[in-house]
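One-letter residues, chain by chain:
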Amino acid sequence: MDLHRPHPALVPRPRRLSVRPGRFRLDDTTRLRVTPGAEPAAALLRTLLAPATGLPLTTASDGTFVLVLDAALTGLGEEGYGLTVSPHGVLLRAARPAGLAHGVQTVRQLLPHQVLSDAPRPGVPWELPAVEITDVPRHSWRGALLDVARHFQPVSYLRRYVDLLALHKLNVFHLHLTDDQGWRMPVTAYPRLTEVGGRRARSMVGPAGSDRFDDEPHGGFYTRAELAALVAYAAVRGVTVLPEVGVPGHVRAALAAHPELGNSPERRLDVWTHWGVCENVLGVGDHVLDFVRTVLDEVMDVFPSPHIHIGGDECPTAEWETSPAALARVARERLPGPRALHGWFMDRVAGHVVRAGRRPVAWAEHGSRLPPECTVMSWRESAHTWSAARRGHDVVHADHRATYFDYARSPSPLEPPAQPGVVVDLRTVHDLDLTPPKPDPRAEARVLGAQGQLWTEFVTTPGHIEYLSFPRLCALADRVWDGTADWRDFTTRLTRHEARLDTLRVPHATPPPRPTHATV
Ligand code: ACM
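Residues numbered from 1 in each chain as written. Predicted model: local features only at pLDDT ≥ 70, side-chain atom pairs only at ≥ 80, totals over all residues. Heavy atoms only, no water.

Two orientations exist for strands paired in a sheet by backbone hydrogen bonds: parallel and antiparallel. Strand order in the closed barrel made by the 8 strands is β7-β8-β15-β16-β17-β18-β19-β22, with parallel pairing throughout. Within this sheet the neighbouring strands show an average axis-to-axis angle of 30 degrees, counted without direction. Alignment of strand β8 (residues 172-176) against strand β15 (residues 240-247), held across 5 bridges, turns out to be parallel. Within the sheet, the bridge partner assigned to His176 lies in β15 and is Glu244. Along the sheet face, helix α11 (residues 382-390) touches β18 (375-378), β19 (395-397) and β22 (447-454) and points at about 165 degrees away from the line of β19. (Pairing = 2+ DSSP bridges. Helix = DSSP H or I, 4+ residues; strand = E, 2+ residues; numbered from the N terminus. Axes fitted to C-alpha atoms, helices over the stretch in contact; angles between N-to-C directions. Contact = heavy atoms within 4.5 Å.)

The structure is reproduced here in structure tokens:
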């Protein structure tokens, strides 16, 4: 490496990059030349650069900053881009809009970190080093889950989170919308889901099984318009919002709103105030399947995502084992026993999603085979990624030991309260390996990618979300985009990338202040 031309510290690392002599300066006279279809990327570039630079970057037919959308660039695939910066101009090319959006993020990272500021930064020379980059992601699924069910965040914050994902070329924002402790997805036919299920009276303090609670009601839900606008905001940035409305477990908030959907219709339940795995699950009557189909139809109306997450995890079968209606269903469907109702239920729900032209996604569980059309999110064991891929499922790797960011970043006692039992340090995330233990090209091709999970039982504030997400999401993004396990190279780049996170006021190094009640 030429020391006079330091490598730009890009995260994720581009697949091919060479640094050339010279620099290109953006100033008041810089004009964009934009080919048909590249206008949204030009608008994104302007939007992202305007707050710090104030540059107009208007369009002109002889502009020196050229954005080209050209479907003939097939080698760049759905998301790749080529970027040439010389002292005389910039050429950003892609075959698809998502590629241009990712290229815009590279332009941002090549500029001085002050460009990420939301306030004017006069006096900074807005220069890009001359480079030649050809960049195509190794994996098509580069995701991040945010659990807004355990603790709600307003849609304004979700937009910021999308921006942080896009900066790292992460392309799936998995929005965990419903759970035992809260239902955040509006459903026109069932307004009580959000009116009743959107609010709990209090919250457990400490991990599952604790006997302490705070005294603070917690609630919130989105409107359809907010979610639709979020989807559009993310799409421009190359990010797909993957909605998750999980069944048949993790539904206590829905049961609080609609007891008739449960296994003891006369019983009144509250929105759960505990953490852990709840015993209460959906019943298996035809009216329950109708309910799930209605909800999913509305989910699919709001979210154009090709994948729809239907949950499927942690579904205790105790209620089905004693419910006369569930036992009658077992007999009618000739199932071997109540435990088989889980697979039966998932089959029906997945089938509905498939008939609507979408692809269902479900969490891998012990002992229950998912319908073959399901994309499997494997979270319990790394090995499940490979067993599901060999069975012919598409798979997203979400192994909790490497991708669950509700676990502490380090064993230090100074870490904020976290999910106990495991530490997920930065090295573990960057070591994430998506090659099979034994060569198996067919299984390997089934693994779409990986994603980080941020469950929020103990995470109530944006600052805490970001402290847990960053820099671990930087490591995940690096591995799923580039695929190379070069820890030293990553940490060298990260040191300089941290200046970007600082400018964005991401508290990546500073634990959030401890809420007074939330001692674990
Ligand atoms: C999960 O952590 N229950 C998917």
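Should their charged atoms come close, side chains of opposite charge can pair. For the structure shown, the criterion picks out 30 salt bridges. Here Asp486 ties to Arg13 by a salt bridge, and the two come within 3.9 Å at their closest N and O atoms. With Asp486 in the loop between α16 (472-482) and α17 (487-503) and Arg13 in the segment before β1 (16-25), the pair connects residues that are 473 residues apart, well separated along the chain. On the basis of relative accessibility, which here comes to 30%, the residue Asp486 falls in the partly exposed class. The salt bridge involving Arg401 is made with Glu381; its shortest N-O contact spans 3.5 Å. One end of the pair, Arg401, is in helix α12 (residues 400-403); the other, Glu381, is in the loop between β18 and α11, with 20 residues separating them in the sequence. Put simply, Arg13, Arg15, Asp478, Asp482, Asp486, Asp489 and Arg493 are held in one network by salt bridges that share partners. (Salt bridge = Lys/Arg side-chain N within 4 Å of Asp/Glu carboxyl O. Buried < 20%, exposed > 50% of the residue type's maximum accessible area, 1.4 Å probe, protein only.)

Worth remembering: the numbers are spatial, not functional.
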